[in-house]
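Observations on chain architecture
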Protein chains: 2
Amino acid sequence: MRGTSAEVAGEPAAPFLRACRGLPADHTPVWLLRQAGRYLPEYRALRARYSMLELIRDAELSAEVSLQPVDALGVDAAIVFSDILPPLQGMGLELDFVPGDGPRIGNPIARPRDVDLLGTPPAEETMQGTLGAIAILRRELEPRGIPVIGFAGAPFTLASYAIEGGSSRDFTKTKAFMLSEPAAWKRLLGKLVTVQADYLLAQARAGAQALQVFDSWAGRALGREDYLRYVAPHNRELFARLARAGVPVIAFSLGVSAYLEEAAACGGDVVGLDWQLPLDEAWARVGFERPVQGNLDPAALLAPWRELRHRIDDVLDRAGGRPGHVFNVGHGLVPQTPVDNVRRLVAYVHERTAR
Amino acid sequence: MRGTSAEVAGEPAAPFLRACRGLPADHTPVWLLRQAGRYLPEYRALRARYSMLELIRDAELSAEVSLQPVDALGVDAAIVFSDILPPLQGMGLELDFVPGDGPRIGNPIARPRDVDLLGTPPAEETMQGTLGAIAILRRELEPRGIPVIGFAGAPFTLASYAIEGGSSRDFTKTKAFMLSEPAAWKRLLGKLVTVQADYLLAQARAGAQALQVFDSWAGRALGREDYLRYVAPHNRELFARLARAGVPVIAFSLGVSAYLEEAAACGGDVVGLDWQLPLDEAWARVGFERPVQGNLDPAALLAPWRELRHRIDDVLDRAGGRPGHVFNVGHGLVPQTPVDNVRRLVAYVHERTAR
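Summary of the structure given here. (Residues numbered from 1 in each chain as written. Chains lettered and ligands numbered in written order. Predicted model: local features only at pLDDT ≥ 70, side-chain atom pairs only at ≥ 80, totals over all residues.)

A closer look at the overall build of chain A
Cut-off, in case you're wondering: Going along the chain from the N terminus, every DSSP run of H or I of four or more residues is numbered as a helix, and every run of E of two or more is numbered as a strand. C-alpha atoms define the radius of gyration, and 2.2 Å times the number of residues to the power 0.38 defines the globule rule. Here a residue counts as buried when 20 or more other C-beta atoms fall within 10 Å of its C-beta, as exposed when 12 or fewer do, and as partly exposed in between; the C-beta atoms come from the backbone.
Helix and strand counts for chain A stand at 17 helices and nine strands. Here the C-alpha atoms of chain A give a radius of gyration of 19 Å, agreeing with the 20 Å that 2.2 N^0.38 yields for 355 residues. Across its three principal axes, chain A shows a C-alpha extent of roughly 60 × 45 × 45 Å. Taking all 355 residues of chain A together, 55% fall into the buried category.

Below, the structure is given as structure tokens:
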């Protein structure tokens with residue numbers, strides 16, 4: 001039995017990075033999807049002065065936003081403040097965030113020819129804001145022992161925005177394109193893999209100590225057979241290319257409980273779990289030898305503390321004190337979340353799991 | 001081995017009703033979710049003159065819309081044209097359909113007190129349009145041997161509209177209310193069970209020969225444990241009350257593949273399957289002794305015929321010619337669906353499964 005926090009040769013000390021490698025840690029590390037965001041007054045104050053894209057494009061501002069939850073809540077990792085969609089701009093798609101209405105692509109993909117016009121420029125040329133923010137965060141947080149997480153969207157999720165022109169409920173255009181133009185679909189996802197792998201590797205070079213891949217919509221949009229045919233090969237390719245990053249990769253897919261094994265088999269060192277299944281069952285299906293992250297329903301943070309605590313306990317009980325658990329929500333925090341509940345959650349997880 | 005179509009004492013002759021009872025039929029019956037709707041030019045012509053609620057409130061018009069797909073496509077059953085939300089009006093909620101933006105509740109439920117103000121008037125007083133349409137349809141279709149399906153929404157799905165005030169992506173308000181006000185939640189779902197059971201039984205009395213319960217959002221909104229705690233008891237109660245209807249009840253839940261067994265265990269004679277899992281696997285989990293309905297992805301109808309046929313074949317192959325399969329889509333047809341594909345689908349299923 002090795003020590004729980006001693007820095008053994010080559011082993012990280014930060015609880016988050018230890019858990020990502022399946023190593024025991026001083027306490028269960030916790031960070032939260034959308035921990036930097038609209039529920040924080042500090043963030044809203046900045047957003048009153050800058051647009052979403054301005055914040056993302058400015059390395060200093062985006063680092064500042066990323067640090068807010070670290071300072072305010074005591075989370076165990078900082079995720080760089082950005083969005084999954086800006087890399088589409090470098091490819092030639094016109095992106096805007098319409099207040100109250102979410103992202104909008106001005107020139108969505110409608111025909112195979114549109115795919116062939118997409119560029120695949122290197123992230124160093126197109127995503128300097130986010131890469132710069134990561135470098136700043138690493139410098140700021142290294143002395144405090146807090147790791148920095150970089151992230152990007154998975155190919156299907158990005159393709160869905162590029163084709164729908166924004167958010168979607170049924171992904172009708174995306175699926176029609178996928179089924180009617182399978183060759184162009186393959187080229188599109190191929191280009192997205194190129195761009196996203198390059199972007200994620202650049203984030204690791206800039207200082208990110210872990211990388212999270214968000215596949216928000218494949219599971220909501222596709223049945224298992226379509227997932228295996230039209231998505232899985234591209235996700236596998238993406239994760240294969242990320243092996244060179246030398247940092248743990250978290251694969252977070254929403255809504256794939258019906259085929260969790262197949263989704264997890266695409267790759268990633270850590271499997272990010274949504275809230276659809278109890279943690280122990282989902283973990284068993286993924287395999288206990290693999291670290292997992294999750295999976296409190298973010299709606300629980302809108303409940304009174306008594307109920308919220310009961311649900312945190314449930315997640316921790318199901319994790320059973322096994323090493324390799326990163327506590328997180330199973331989907332992003334919503335803007336209405338009371339900051340106080342988030343603060344109590346972080347403190348409670350630390351306190352209950354202190355070893 | 002009994003004859004496949006002979007009207008044995010007490011046994012229905014219509015293929016749809018036979019399949020709903022697990023009996024062999026002349027061919028696999030087919031009808032389609034949203035078979036009456038915006039993809040049909042006849043429907044769009046009527047909608048240019050009448051609002052959604054006008055169509056629903058007028059028995060003659062709503063019967064006319066319900067008959068359009070029977071005449072145009074040759075489907076094996078007619079579902080009455082209506083919507084799941086109008087019963088909320090009778091309870092005291094202000095409903096409107098905003099063009100391009102979907103349903104809107106003017107006075108959504110925000111506090112426990114709002115629940116107590118909801119009425120539970122009998123459907124015969126509040127839903128005469130739909131009940132009248134069913135009577136007309138039964139009269140028109142009986143000579144043609146086409147059964148009439150009535151329907152209503154499940155308690156969670158209706159509660160989500162009543163609380164969110166319209167459609168939702170994350171059901172944040174609904175879940176916050178559910179977790180913060182569990183007693184009021186229980187009263188709300190109790191009232192919805194009362195109203196919906198009464199409404200469905202009234203539809204059967206009016207002539208509906210099968211009833212479908214739509215639980216569109218519980219599976220998308222809730223993890224399994226919340227489903228079992230906050231939804232399942234109410235669904236069980238609803239299905240228990242429907243036993244008196246004397247007609248088969250189809251339980252259609254969207255997005256519950258992660259806990260399909262538990263959802264199916266709530267009740268219903270026929271289990272309506274969405275497109276998340278291949279039909280044979282989903283059917284095995286439900287149990288082959290129970291009839292199922294499904295489960296073509298409606299996006300397949302946007303693909304070229306070659307691909308569409310391949311997918312119809314896949315569903316039929318997985319059904320394996322077992323009695324007790326009603327062919328359907330796993331979610332509603334979308335407005336962009338080419339009518340010709342729907343017509344070919346119906347003809348192809350009939351032709352391929354003719355015994």
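Moving on, there is more to tell.
A closer look at the sheet that holds strand 5 (residues 210-215) of chain A
Residues and elements named next belong to chain A. The criterion, for reference: By this definition, two strands are paired if DSSP reports at least two bridges between them. In this description, a residue-residue contact is defined by the distance between C-beta atoms placed from the backbone, which must lie within 7 Å. Each axis is a line fitted through C-alpha atoms, taken for helices only over the stretch in contact, and angles between the N-to-C directions span 0 to 180 degrees.
Read from one edge of the open sheet, seven strands run 1-4-5-6-7-8-9, paired in parallel fashion. The sheet is open, and its two edges are formed by strand 1 (78-79) and strand 9 (325-329), each paired on a single side. The sheet contact formed by strand 8 (residues 292-296) and strand 9 spans five bridges and is parallel. Looking at the pairing, Gly294 lines up with Phe327 of strand 9. Together, strand 4 (148-153) and strand 5 form the strand contacts of helix 11 (residues 182-206), whose direction differs from that of strand 4 by roughly 170°.

Quick look at the pairing of strand 9 (residues 325-329) of chain B
Residues and elements named next belong to chain B. Which entries qualify depends on this criterion: Orient the strands so they point away from the viewer; a crossover is then right-handed if the path from the first strand over the helix to the second runs clockwise.
Burial analysis of strand 9 places five of its five residues in the buried class, the great majority of the element. Burial of strand 9 is two-sided: the residues His325, Phe327 and Val329 facing one way and the residues Val326 and Asn328 facing the other way are all buried. Taken together, strand 8 (residues 292-296), helix 16 (residues 305-319) and strand 9 form a β-α-β motif whose crossover is right-handed.

Looking at the nonpolar core
Stated formally: Nonpolar cores are identified as sets of buried Ala, Val, Leu, Ile, Met, Phe, Trp, Tyr and Cys residues joined via C-beta atoms within 7 Å. Domain delimitation in this document rests on an assignment produced automatically or drawn from a domain database.
By size, the foremost hydrophobic cluster in this structure holds 255 residues, and its most contacted members are Ala78 of chain A together with Ala78 and Leu211 of chain B. A domain-level breakdown of this core finds at least three residues from each of domain 1 (50-272) and domain 2 (295-355) of chain A. Ala78 of chain B has contacts with Ser66, Leu67, Val70, Leu137, Leu141, Ile146, Val148 and Ile149 of chain B, leaving out every residue within four places of it along the chain.

Quick word on the relation of the copies chain A and chain B
Going by this rule: Alignment of copies: least-squares fit on C-alpha atoms of residues with pLDDT of at least 70 in both copies.
Expressed as a screw transformation, the operator carrying chain A onto chain B has a rotation angle of 180° and an axial translation of 0.0 Å, and the superposed copies differ by an RMSD of 0.0 Å. Within this description, the copies of the chain are treated as partners about a two-fold rotation axis. In terms of C-alpha distance to the rotation axis, chain A has Ala258 of chain A as its closest residue, with the C-alpha 2.4 Å off the axis. A shared interface surface links the copies, since 100% of the contact residues of chain A are contact residues in chain B too.

Focus on the environment of Glu94 of chain B
Tracing the chain through its elements places Glu94 of chain B in the loop between helix 5 (86-91) and strand 2 (95-98). Excluding residues that lie within four positions of it along the chain, Glu94 of chain B makes contacts with Ile105, Gly106 and Asn107 of chain B.

Comments concerning the interface of chain A and chain B
This is how the line gets drawn: Polarity classes work like this: nonpolar for Ala, Val, Leu, Ile, Met, Phe, Trp, Tyr, Cys and Pro, charged for Asp, Glu, Lys and Arg, and polar for all others, with Gly in that last group.
Each side of the interface is counted separately: chain A has 24 residues, and chain B has 24 residues. No other element matches the five residues that helix 10 (residues 172-180) of chain A contributes to the side of chain A that touches chain B. Along the lines of polarity and charge, the residues of the side of chain A that touches chain B split into twelve nonpolar, six polar and six charged.

Functional significance is not addressed by these values, which are geometric in nature.
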